[in-house]
Amino acid sequence: MSPAPILKEVKVFAPATVANVACGYDVLGFAIDSPGDEVVVRHSDKPGLRITKITGDDGKLPKTVEGNTAGVAALDLLRHLGMMDRGIEMEIHKKMPFGSGLGSSAASAVAGAYAVNKLIGEPLSKKQLLPFAMTGEASADGAYHADNVGPSLLGGIVFIRSNQELDIAQLPVPENLWAAVVHPDIEILTKVAREILPKHIPIENATQQIGNLGGLICGIIQEDYGMISRSIHDVIAEPHRQKLIPEFYKAKRAALSNGALGFSISGAGPSVFALCEGEEVAKNVANAVSKVFTDIKLENQMHVSKINQKGVHVIS
Ligand code: HSE
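Residues numbered from 1 in each chain as written. Predicted model: local features only at pLDDT ≥ 70, side-chain atom pairs only at ≥ 80, totals over all residues. Heavy atoms only, no water.

1. Side note on the overall build of the protein chain
A tally of helices and strands in the protein chain yields 10 helices and 11 strands. Taken against the 2.2 N^0.38 rule, which gives 20 Å for 316 residues, the C-alpha radius of gyration of the protein chain at 19 Å falls within 12% of a compact globule. By its C-alpha atoms, the protein chain is 60 × 40 × 40 Å across when sized along the principal axes. Burial analysis of the protein chain (316 residues in total) assigns 56% to the buried set. As presented, the protein chain carries roughly 13300 Å² of accessible surface, and 53% of it is formed by carbon and sulfur atoms. For the protein chain, the separation between the mean place of its 30 positive charges and that of its 34 negative charges on side chains is 3 Å. (Helix = DSSP H or I, 4+ residues; strand = E, 2+ residues; numbered from the N terminus. Rg over C-alpha atoms; globule rule 2.2 N^0.38 Å. Buried < 20%, exposed > 50% of the residue type's maximum accessible area, 1.4 Å probe, protein only. Areas by Shrake-Rupley, 256 points an atom, 1.4 Å probe, with all protein chains shown as cover. Lys, Arg positive; Asp, Glu negative; His and termini not counted. Charge placed at Lys NZ, Arg CZ, Asp CG, Glu CD.)

This is the structure:
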């Protein structure tokens, strides 16, 4: 195999993700086509990694490498490779809000590690970048879960058997499976959404959740939309987190009555998502859910997408 060409500059896109997928708290996630974050990296004569520009963050992120997930992930990669002195400039273009439930910090972390790996001649495979992107994301929310980072990196639907061992599997994607994602304009910090969850759960809930997770995975593998639909229920996080999202149950009723296979919170929220069979259903569901938020004067954005199977990739 010929060595990867030396590139002067690389611009990459890492997609948004829906984590948990209702019954897979911290262990299941999928990627959507847009939005997503962009990172540009180029060689520099000055040794070390530097962040030269950040856009779309409303001035919230410091320009230090340690101050954002893209920088932390890239630095962790360079440290691992013994290349801390390599002169690299990085630009980060945030295209989705913080605390949105769309995996914003994960997408930046993935983009940071992937872009730098490409620039230096691709010493590691995509899958090998997972631990570095994880370190990047963990620097933002203090927790270590791959359900956003995994699908943003690899694309598709990713199941994580163990977050500690980073033992993951990509599931096949049913041909006609679409996601309708709606982001109401409020901010929920993942840390806060994790803190409100109970430390212990009744065994009946655990049994139900395990059954649903197994059912959802079987439904996805067998392209059995009925099984998928019967399985999209979250009895662990949703009952607690729904309180943070105005009119959550009204939005859920609107999604289900418009034909959604299932509906729940995307990651830690406030975004909500529905899985649907076909684009038309997904569009109707997104419109119906959006209307629930608009009716209470809550601005919101819709994203209707097939499951993104590409994950992070070079755009120029
Ligand atoms: N699985 C995580 C959670 C996703 O629900 O807290 C948040 O990014």
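Following the structure, the description resumes.
2. Notes on the site of the ligand
The local shell around the ligand consists of Ala19, Asn20, Tyr25, Asp26, His145, Asp147, Asn148, Thr190, Arg194, Arg241, Gly267 and Ala268. Between Asp26 and the ligand, the recorded distance is 2.5 Å, taken from a side-chain N or O atom to a nitrogen atom. Asn148 is positioned with one of its side-chain polar atoms (N or O) 2.8 Å from an oxygen atom of the ligand. Considered on its own, the ligand offers 260 Å² of accessible surface; in the complex 96% of this is hidden by protein. For the shell around the ligand, the residue count by class is 3 nonpolar, 5 polar and 4 charged. Counting contributing residues per domain, the shell around the ligand is built from domain 1 (9-171 + 309-314) and domain 2 (177-306), each supplying no fewer than three. (Near = heavy atom within 4 Å. Polar contact = N/O pair within 3.5 Å; in protein donor to acceptor, adjacent residues only side chain to side chain. Nonpolar A, V, L, I, M, F, W, Y, C, P; charged D, E, K, R; others polar. Domains from an automatic or database assignment.)

3. Digging into the nonpolar core
Ranked by size, the top nonpolar core spans 69 residues in total, and within it Phe30, Val39, Val41, Met90, Val116, Ile157 and Leu275 carry the most contacts. The element contributing the most residues to this core is helix α2 (residues 104-119), with 8 residues. The two domains that each donate at least three residues to this core are domain 1 (9-171 + 309-314) and domain 2 (177-306). Setting aside its immediate chain neighbours within four residues, Val41 contacts Lys8, Glu9, Val10, Ile88, Glu89, Met90, Ala115, Val116 and Leu119. Listed in part, the 25 residues of the second largest apolar core include Trp178, Ala180, Ile245 and Val285. (Core = buried A, V, L, I, M, F, W, Y, C linked by side-chain atoms within 4.5 Å. Contact = heavy atoms within 4.5 Å.)

4. Digging into the sheet that holds strand β10 (residues 300-306)
An order of β8-β9-β7-β10 is seen for the 4 strands of this open sheet, with the pairing classed as antiparallel. Here the strands that pair on one side only, and so sit at the sheet edges, are β8 (262-265) and β10. Within the sheet, the average angular offset between the axes of one strand and its neighbour, ignoring direction, is 20 degrees. Relative to strand β9 (residues 272-277), strand β7 (residues 177-184) is paired through 6 bridges, and the arrangement is antiparallel. From the neighbouring strand, Val182 faces β9, where its bridge partner is Val272. Contacts between helix α10 (residues 279-295) and the sheet are confined to β7, β8, β9 and β10, with β7 contributing the most and set at about 15 degrees to the helix. (Pairing = 2+ DSSP bridges. Axes fitted to C-alpha atoms, helices over the stretch in contact; angles between N-to-C directions.)

5. With respect to a nonpolar patch on the surface
Together, Leu189, Val192 and Ile196 line one region of the surface with nonpolar side chains, adding up to about 230 Å² of accessible area. Mapping Leu189 onto the fold places it in the loop between β7 and α5 (190-195). Residue class for Leu189 comes out partly exposed when judged on its relative accessible area of 48%. (Patch = residues over 30% accessible without salt bridge, like charges linked within 9 Å, V, L, I, M, F, W, Y side chains within 5 Å. Salt bridge = Lys/Arg side-chain N within 4 Å of Asp/Glu carboxyl O.)

6. A short note on the packing of aromatic side chains
Two descriptors summarise a pair of aromatic rings, namely the distance from one centre to the other and the angle between the planes of the rings. Applying the stated criterion to the full structure yields 3 aromatic pairs. A ring pair is formed by Phe30 and Phe273, whose centres lie 6.1 Å apart and whose planes are at 75 degrees; its orientation type is edge-to-face. Here Phe273 lies in strand β9 and Phe30 lies in strand β2 (residues 28-43), a separation of 243 residues in the sequence. One exposure class covers both Phe30 and Phe273, and it is buried. Arranged with centres 5.5 Å apart and planes meeting at 45 degrees, the rings of Phe248 and Phe263 form a pair that is tilted. Here Phe248, found in helix α9 (residues 248-257), pairs with Phe263, found in strand β8; they are 15 residues apart in sequence, far enough to count as distant. The pair formed by Phe248 and Phe263 is uniform in burial state, with each residue classed as buried. (Phe/Tyr/Trp six-rings, centres within 6.5 Å; stacked < 30°, edge-to-face > 60°.)

7. Focus: the side chain of Thr17
Of note, Thr17 is situated in strand β1 (residues 9-19). Overall, Thr17 belongs to the buried group, its relative accessible area being 0%. At 3.0 Å, the side chain of Thr17 and the side chain of Asn148 are in polar contact. Sequence-distant contacts of Thr17, that is, excluding residues within four places in its chain, are made with Phe30, Ala31, Gly101, Leu102, Gly103, Asn148, Pro151, Ser152 and Ser266.

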